[in-house]
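Results of the structural survey
Residues per chain are reported as follows:
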Amino acid sequence: MFLTPALAISAVLFAIGVAGVLVRRNAIVIFMCVELMLNAVNLTFVALAQQLGVAGQVFVFFVMAVAAAEAAVGLAIIIAIYRHRETVDLRDINILKG
Amino acid sequence: MTASAVPLIWLVPALPLAGFVVNGALLFAAPGAKRAVSAIGVGVLLLAFAVALAAVLGYAGAGGGAPEVFTYWSWMAVDKLQVAFALQVDPLSCVMILVVTGVGALIHVFSVGYMYEDPGYARYFAYLNLFVFFMLILVLGASFPVMFVGWEGVGLCSYLLIGFWFGEKANADAGKKAFVVNRIGDFGFLIAMFLIYQNVGSLDFNAVFAAAPAALAGVVTAVCLFLFLGCTGKSAQIPLYTWLPDAMAGPTPVSALIHAATMVTAGVYLVARCNVLFAMSPVASSVVAGVGALTALFAATIALQQWDIKKVLAYSTVSQLGYMFLGVGTGAYAAGIFHLATHAFFKALLFLGSGSVIHAMHHAYHATHSHEDAQDMRNMGGLKRWLPVTTVLMWVATLAIAGVPPLSGFFSKDEILGAAFARGQAQGIWYLYWAMGLAAALLTAFYMTRLMLYTFHGPNRTGEKESGHLREAPWMMTGPLVVLGVLAAVGGALNVPAIVGGGARLERWLAPVTSAGAALLPAGEVSPGTEWTLLGVAVLIAAAGIVGAFRLLDLNALVPARSAPAETGFARVLARKWYVDEIYDAAIVRPVVWLSRRVLWQGVDQGAVDGAGVNGLARAARALGWLGSRLQTGEVGFYVVLFVAGVVVVLRAALR
């Protein structure tokens, strides 16, 4: 019964996440947008699980576990970069290019 | 024979090995314990000699003849290749172990006196014991690989002892030269071993010699020539003899033991051991005899014009080894071994006597803080006044090596020349070898008399102040000299030929070993009349050499080495050893060094391996990395495009 609004919110959240990743320069914001996309997918899983069975709910736990690990590693990297370069602007982070 | 000592034969090499281990431990644990080192170093040799004597007597008492093989453990077992660590007692190895342990023990005793002041005393005896161990393995081994262990081991000890005073670069270089030159010969030995295994399927002496006439017929000449290449390295024959004169850089007792009496005779032993193979190949026999005769003559000419007392003896050794090869190449295996034994006696005596002289000279120069050459004969002269015992004993050895009857060298040398002459009846080339041997005998008598006259007779050239410090060596050194003097004098009794009423005992003793080879050779018998003539010629030649030296050399015209003028003309060619070292240097050493440096080092190693291999891979990785680094633009949109493209590719591949 909540399926349509749930999927709609999920689509909106995902679109916001994609847009944020594409237009923002701040690494932390991009990072949060990635999380947003993950959670949009989670919402889809949960909503569809109402009709398709409990497997979707189980999958959500996996996604959350992976997202937590990714957040820990990703934030650590961002902090390390900030300590070195005093910035988290991705335009300035291209030292591989030399 | 329940009480036979033959099964104790393992003790003979084991004792020197134990001596090496204990002395080596003392070297680190208690470097100052010289008494203990002397007692162990000399003691194990005396014990080994006693055991060897008991074993040989036991073996002879049991009838002798048939080889007794003692197998201790399986060494190499790979498919059909079965090599056991086994020792073999037979008439030939009996003679060799007695010579090695007997002469070795005397030289060990002499070393106690000669080396006592040296800081490397324990190291010296450890090496010397190790050498005796390897030499005994060499002569006792019952198969080619076991013999090869000893063969390599004595080479190692020779290297260690030549470079014993490695603080001076010349000594270390001499050791290296000996090692490298010997490796060329060892290569020949190895190839011969491979050929034998390929054709016979076994490497045990008895199996190989029994199967040889059938299995080796096609390759026997190659096998023998490769084996002989090994002999030319180890036994210092042309073309690989150049290391031996340089080996005199080691302590004098080492020269006596390793580079005169024992190790350098390993090649002669090898040919005598493989007499069946060499007898099967007339070409190889002729090469062995020819090289031997040529070396005998060639080295003798060089000895004529050397001033260093040890260099004279070194070239003399090369020359006498040539005689032994002339003997074993001719097929007179017993005569070759006989000369090996008598040479061990008189050459060890000559070297130890020269050691006694050098010892005295060194002390005289040391006492007066003089820096003259203690080995140069031009600095000696008239030493008989101060060194009477050494003088008498050296004269005994000189007359023995010159071939004056009835001293030992007369019998052994005459037998070799007689055998060469007899073989000449069947193959004319041997007349030439005989003539070369005779010429070498003349030169031998001459240069040895020259050495004696310059060293012990005439006016003294050591110096006013220095001559007062000349002293005869202590009994510890003269004692072994006396024993060797007796042996050098009466050693000929081992094998007095039938023509002068002797029993040719050594020849009959060795017959079980040599008969197989001798049976393959053309019988060469000379009439008693010819034999007497040959004896007479040999004596005349020896006398001519000695008298010639007395008449031609002017002892009063010599001046000390420092003020001596350089030689001119032919004497200069002889003094510079026919420029052989220079020729080898230009023809072999320099091209090899150039090849190593320019091609192998700078071309192959630096160019191909480093350039294309190591650095090339690194450059390729860096180029790829550079390409990848272009992708990091800082534009997230670009990343996403790449990311999506990547996902599409992976999905396509996965869903196909």
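What counts and how
- Residues numbered from 1 in each chain as written.
- Chains lettered and ligands numbered in written order.
- Predicted model: local features only at pLDDT ≥ 70, side-chain atom pairs only at ≥ 80, totals over all residues.
- Helix = DSSP H or I, 4+ residues; strand = E, 2+ residues; numbered from the N terminus.
- Buried ≥ 20, exposed ≤ 12 C-beta atoms within 10 Å, placed from the backbone.
- Contact = placed C-beta atoms within 7 Å.
- Core = buried A, V, L, I, M, F, W, Y, C linked by C-beta atoms within 7 Å.
- Nonpolar A, V, L, I, M, F, W, Y, C, P; charged D, E, K, R; others polar.
- pLDDT = per-residue confidence, 0-100.
- Pairing = 2+ DSSP bridges.
- Axes fitted to C-alpha atoms, helices over the stretch in contact; angles between N-to-C directions.
- Parallel < 35°, antiparallel > 145°, perpendicular 65-115°, else oblique.
- Left-handed = near helix turned anticlockwise from the far one by under 90°.
- Expected span 1.5 Å × (residues − 1).

This part takes up the overall build of chain B. Along chain B, the regular secondary structure elements total 25 helices and two strands. In terms of its C-alpha atoms, chain B occupies a principal-axis envelope of roughly 110 × 65 × 50 Å. Across the 656 residues in chain B, those meeting the buried criterion constitute 50%. Taking contacts inside chain B between residues at least 6 apart in sequence as the whole, the part at least 24 apart equals 81%.

A few words on the overall build of chain A. Along chain A, the regular secondary structure elements total three helices and zero strands. In chain A, the order of α-helices and β-strands from amino to carboxyl end is α-α-α. Each principal axis of the C-alpha atoms in chain A carries an extent, and together these give about 55 × 25 × 20 Å. When the 98 residues of chain A are sorted by exposure, 11% land in the buried category. Residue pairs in contact within chain A that sit at least 24 positions apart in sequence constitute 47% of those at least 6 positions apart.

A few words now on the nonpolar core. In a soluble, globular protein the nonpolar side chains are often hidden away together inside. By size, the foremost hydrophobic cluster in this structure holds 218 residues, and its most contacted members are Phe131, Ala348, Leu349 and Ala488 of chain B. When residues in this core are grouped by element, the largest group, 19 residues, is from helix H15 (residues 333–367) of chain B. Filtering out sequence-adjacent residues up to four positions away, Ala348 of chain B remains in contact with Val103, Ile107, Ala256, Ala260, Ala261 and Leu484 of chain B. With seven residues, the next largest nonpolar core counts Val21, Ala27, Cys33 and Leu90 of chain A among its residues.

What follows concerns the interface of chain B and chain A. Contacts between chain B and chain A engage eight residues on the former and 11 residues on the latter. Take the side of chain B that touches chain A: its biggest share by element is three residues, from helix H25 (residues 636–655) of chain B. For the side of chain B that touches chain A, the class distribution of residues is two nonpolar, five polar and one charged.

This part covers the environment of Gly19 of chain B. Residues and elements named next belong to chain B. Mapping Gly19 onto the fold places it in helix H1 (residues 11–29). The spatial distance from the C-alpha of Gly19 to the C-alpha of Arg622 is 60 Å, given a sequence separation of 603 residues. Not counting residues up to four positions away in its chain, the partners in contact with Gly19 are Ile40, Gly41, Val44 and Asn129.

Put simply, chain B has an average pLDDT of 90, and 99% of its residues get 70 or more. Reported confidence for the predicted complex is 0.73 by ipTM and 0.82 by pTM.

Another aspect to go through is the pairing of strand E2 (residues 81–89) of chain B. Consecutive side chains of a regular strand alternate in pointing toward one face of the sheet and then the other. As defined by bridge partners, strand E1 (residues 68–78) of chain B adjoins E2 of chain B across nine bridges and the pair is classed as antiparallel. Bridging across to E2 of chain B, Val78 of chain B finds its partner in Leu81 of chain B.

So, about the environment of Thr317 of chain B. Residues and elements named next belong to chain B. With respect to the element layout, Thr317 can be found in helix H14 (residues 309–330). On the basis of neighbour counts, which here come to 30 C-beta atoms within 10 Å, the residue Thr317 falls in the buried class. For the pair formed by Thr317 and Leu81, sequence separation is 236 residues and the distance between their alpha carbons is 38 Å. Among all residues touching Thr317, those that are not within four sequence positions of it are Leu244, His259, Ala260, Val264 and Lys347.

This part is about the pairing of E1 of chain B. Across the 11 residues of E1 of chain B, one count as buried, placing the element largely on the outside. Taken together, E1 of chain B and the strand that follows it, E2 of chain B, pair antiparallel across an intervening segment of two residues, in which Asp79 of chain B is found at a positive phi of about 50 degrees.

Looking now at the packing of helix H3 (residues 91–115) of chain B against helix H10 (residues 252–261) of chain B. All names here are of chain B. At a closest axis distance of 8 Å, the pairing of H3 and H10 adopts a crossing angle of 165 degrees. Taken together, H3 and H10 sit at an angle that is classed as roughly antiparallel. Crossing angle aside, the handedness with which H3 passes H10 is left-handed. On H10, the residues that touch Val103, Gly104, Ile107, Phe110, Ser111 and Tyr114 of H3 are Thr252, Pro253, Ala256, Leu257 and Ala261. Within the contact of H3 with H10, the residues separate by chemical class into eight nonpolar, three polar and no charged.

Moving on, we come to unusual backbone geometry. Residues and elements named next belong to chain B. Pro239 follows Ile238 through a cis peptide bond whose omega is 10 degrees. Within the fold, Pro239 resides in the loop between helix H8 (220–234) and helix H9 (243–246). One non-glycine residue, Asp79, lies in the positive phi region at around 50 degrees. Mapped onto the elements, Asp79 comes out in the loop between E1 and E2. Residue Tyr579 is not a glycine yet carries a positive backbone phi of 60 degrees. Structurally, the position occupied by Tyr579 is in the loop between helix H23 (569–575) and helix H24 (580–629).

Once that is clear, we can look at helix H6 (residues 169–200) of chain B. All names here are of chain B. Taking 1.5 Å of rise per residue, 32 residues should cover 46 Å, and H6 covers 46 Å from first to last C-alpha, within 8% of that figure. Listed as buried for H6 are Ala174, Gly175, Lys177, Ala178, Val181, Asn182, Gly185, Phe189, Ala192, Met193 and Ile196. Packed against the buried residues of H6 are helix H5 (144–162), helix H7 (205–215), H8 and H9. Directly beyond the C-terminal end of H6, a positive phi value near 85 degrees is found at Gly201.

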